[in-house]
Amino acid sequence: MAVSYAFAIGTKLETLLTNQHNPSSSPAPLGLNLIGTRSLPMNNNTRRGLIQRARCEISPSKAASISALEQLKTSAIDRYTKERSSIVMIGLSIHTAPVEMREKLAIPEAEWPRAIAELCGLNHIEEAAVLSTCNRMEIYVLALSQQRGVKEVTEWMSKTSGIPVSEICQHRFLLYNKEVTQHLFEVSAGLDSLVLGEGQILAQVKQVVKLGQGVNGFGRNISGLFKHAITAGKRARTETNIAAGAVSVSSAAVELALMKLPESFSNASSARMLVVGAGKMGKLVIKHLVAKGCTRMVVVNRSEEKVAAIREEMPSGVEIIYKPLDEMLACAAEADVVFTSTASEAPLFLKEHVEILPPVADVRLFVDISVPRNVGSCVAELDGARVYNVDDLKEVVAANKEDRMRKAMEAQGIITEESKQFEAWRDSLETVPTIKKLREYCERIRASLVEKFMSRNGDGMDKKTKKAVEDLTRSIVNKILHGPMQHLRCDGSDSRTLRETLENMQALNRMYGLDVEILEEKIRGKMEQK
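Please read all numbers here as calculations on a predicted model, not as lab measurements.

Definitions and limits used
- Residues numbered from 1 in each chain as written.
- Predicted model: local features only at pLDDT ≥ 70, side-chain atom pairs only at ≥ 80, totals over all residues.
- Heavy atoms only, no water.
- Helix = DSSP H or I, 4+ residues; strand = E, 2+ residues; numbered from the N terminus.
- Contact = heavy atoms within 4.5 Å.
- Areas by Shrake-Rupley, 256 points an atom, 1.4 Å probe, with all protein chains shown as cover.
- Salt bridge = Lys/Arg side-chain N within 4 Å of Asp/Glu carboxyl O.
- Buried < 20%, exposed > 50% of the residue type's maximum accessible area, 1.4 Å probe, protein only.
- Pairing = 2+ DSSP bridges.
- Axes fitted to C-alpha atoms, helices over the stretch in contact; angles between N-to-C directions.
- Expected span 1.5 Å × (residues − 1).
- Polar contact = N/O pair within 3.5 Å; in protein donor to acceptor, adjacent residues only side chain to side chain.
- Phe/Tyr/Trp six-rings, centres within 6.5 Å; stacked < 30°, edge-to-face > 60°.
- Patch = residues over 30% accessible without salt bridge, like charges linked within 9 Å, V, L, I, M, F, W, Y side chains within 5 Å.

Q: Describe the overall build of the protein chain, and please don't skip the residues or the numbers.
A: Along the backbone of the protein chain there are 22 helices and ten strands. Considering only contacts in the protein chain between residues 6 or more positions apart, those separated by 24 or more positions represent 74%. By element, 52% of the accessible surface of the protein chain is carried by carbon and sulfur atoms, the whole surface being about 25,300 Å².

Structure follows, in structure tokens:
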């Protein structure tokens, strides 16, 4: 309820601003949301006046007898100013949702910045990040309200994927604050992967940070969370044995294909292999096939450059034949096993494509490690085809899971340590708005008094004397603020110092009414995002 009041202020501000230029227009209702509103003008005096008028309209019956500030403090907004925004994660993974759902929710890396912008356009979302892989679709946000933030993000997911909200709710899982930190750090360390300890997920977490740089909405809290997760992931791999012997999704796919090969094939080299896609996953599939003794394979890709680069890395005696994408079906006709790992959002192989292919000795295997899937589920209806996707890799990884779990216990101590460090760092950020607002408050007083002094005594002053007055008053303010600023700064490394710092912050917020100004700035930020 408190948050809705806060955003009602923003709506009222916009309505009042519009009505100044159009007196005949009727005011918007108090509960109107921010969607479609324009940014406030950059004139601070006008903005402050509108804020005061908007506050008064929250409780018209008291407007005549109580100041706007007092009304704000006695309203539900006062509770809102005392709550800090929450880090929330809304996710679906291979553990909770089938690939049929995950592929509809998947967001290609190139669209992550757009998704962040759209998420931060929601009323209660301040910052956002997207982690979308073949095994998971997770959205991380800094939310002004947990409940409303989850509702808005879930509705956004439904809108972008076409999946009903009720269905998403059946398969999603929700985490808050410290739970989010623990989860992402475990993800980065490979502890939450289908293939325990696999290293590719750490590269994907790094990619979130890389693509988020400079994106409005990938803010200090969320970017800090992911950067700390990278540190946790690196430490887990270098200081424990979690990565020793771990298989990757691509190697598990190769293992699965070899397990399912008909008995007529003595080994990998006797089967005709086709790899569709020469990106990161495709390259790893090729390397694992070579490691298993495959010396000849056909690789279909949009361009030959990537295939040529992979060929250069292969040992002598390995033949990699490039074919363009328009020859994919012709290549599939001559293959016993087809691996697919492209970023295509539409299936490359459908039933009508595969049923016209010439039969092979036993069955043709399709191993699809793409999300969205490259091989339509309808292909499995054909007698001469067997289709496997990422969800089928569980069979391969189950064999070494017990050993991996023992090693995962070693990494948990690191995860716990890094989680505490991040939470302390995030707590230390709490004082940043107070530091900023306290400086602004003192600067307004200084500037106002200097202006008043100059209007009375400045006519006979030369520029040098006026500058000396400015410098002197700034120096006085800085000297006075030195003590409070020292007691508001903390790196979060010492829990006692951090606790005292937060107590100092709360005291200053109460004394100078800074919490209200911090709230106003949050509202302005959301208005300007709109």
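Q: Any chance you could break down the pattern of salt bridges for me, citing the residues and the numbers?
A: Applying the stated criterion across every chain yields a total of 22 salt bridges. The shortest N-O distance in the salt bridge between E138 and R136 comes to 2.8 Å. For E138, a relative accessible area of 0% gives the class buried. The shortest N-O distance in the salt bridge between E155 and K151 comes to 2.7 Å. Of this pair, E155 and K151 both sit in helix 7 (residues 146-161), four residues apart, which is roughly one turn of that helix. Salt bridges sharing partners connect three or more residues here, namely R235, E239, E417 and E418.

Q: How would you sum up the sheet that holds strand 6 (residues 296-301)? Please name residues and give values.
A: Strand order in the open sheet formed by six strands is 7-6-5-8-9-10, and the pairing between neighbours is parallel. Whereas interior strands pair on both sides, the edge strands pair on one side only; in this sheet they are strand 7 (319-324) and strand 10 (385-388). For this sheet, the mean angle separating the axes of adjacent strands, direction not counted, is 20°. Of the strand pairs in this sheet, strand 6 and strand 7 are connected by six bridges, and their pairing is parallel. Looking at the pairing, V299 lines up with Y322 of strand 7. Sheet strands in contact with helix 14 (residues 305-313) are strand 6 and strand 7, and its direction is about 180° off that of strand 7.

Q: Describe helix 19 (residues 431-457), with residues and values.
A: Between the first and last C-alpha of helix 19 there are 39 Å, a value that for 27 residues agrees with the 39 Å anticipated at 1.5 Å per step. Along helix 19, the positions that sit buried rather than exposed are T431, T434, I435, K437, L438, C442, R446, V450 and M454.

Q: Can you break down helix 7 residue by residue, with the values?
A: Taking 1.5 Å per residue as the helical rise, helix 7 with its 16 residues ought to reach 22 Å, and the 22 Å between its terminal C-alpha atoms agrees with that figure. Along helix 7, the residues classified as buried are G149, V150, E152, V153, T154, W156, M157, S158 and S161. For helix 7, the capping residue at the N-terminal end is S145, with a side-chain oxygen 3.3 Å from the backbone nitrogen of R148. Of the residues flanking the end of helix 7, it is G162, one or two places downstream, whose phi is positive at about 85°.

Q: For the packing of aromatic side chains, give the residues involved together with the corresponding values.
A: Per the counting criterion, the structure on display carries six aromatic pairs. Ring centres of F218 and F226 lie 6.5 Å apart, and the angle between their planes is 55°; on these two criteria the pair is classed as tilted. An identical accessibility class is assigned to F218 and F226; each is buried. Each residue in the set Y140, F218 and F226 is aromatic and connected to the rest through ring pairs, giving one cluster.

Q: So what about a nonpolar patch on the surface? Which residues, and what values?
A: Together, L472, I476 and I480 make up a nonpolar patch on the protein surface, roughly 310 Å² of accessible area in all. Along the chain, the position of I480 falls in helix 20 (residues 463-486).

Q: Lay out unusual backbone geometry in plain terms, naming residues and giving numbers.
A: At the junction of V371 and P372, the peptide bond is cis and its omega measures out at 5° in the coordinates. Along the chain, the position of P372 falls in the loop between strand 9 (364-368) and strand 10.

Q: How would you summarise the pairing of strand 2 (residues 125-132) if you had to cite specific residues and measurements?
A: Burial analysis of strand 2 places seven of its eight residues in the buried class, the great majority of the element. Judged from the seven bridges that link them, strand 2 and strand 3 (residues 136-143) form a sheet pairing that is antiparallel. Its bridge partner lying in strand 3, I125 is registered against A143. Where strand 2 folds back on strand 3, the antiparallel hairpin that results is connected by three residues.

Function cannot be inferred from these measures alone, as they are strictly geometric.
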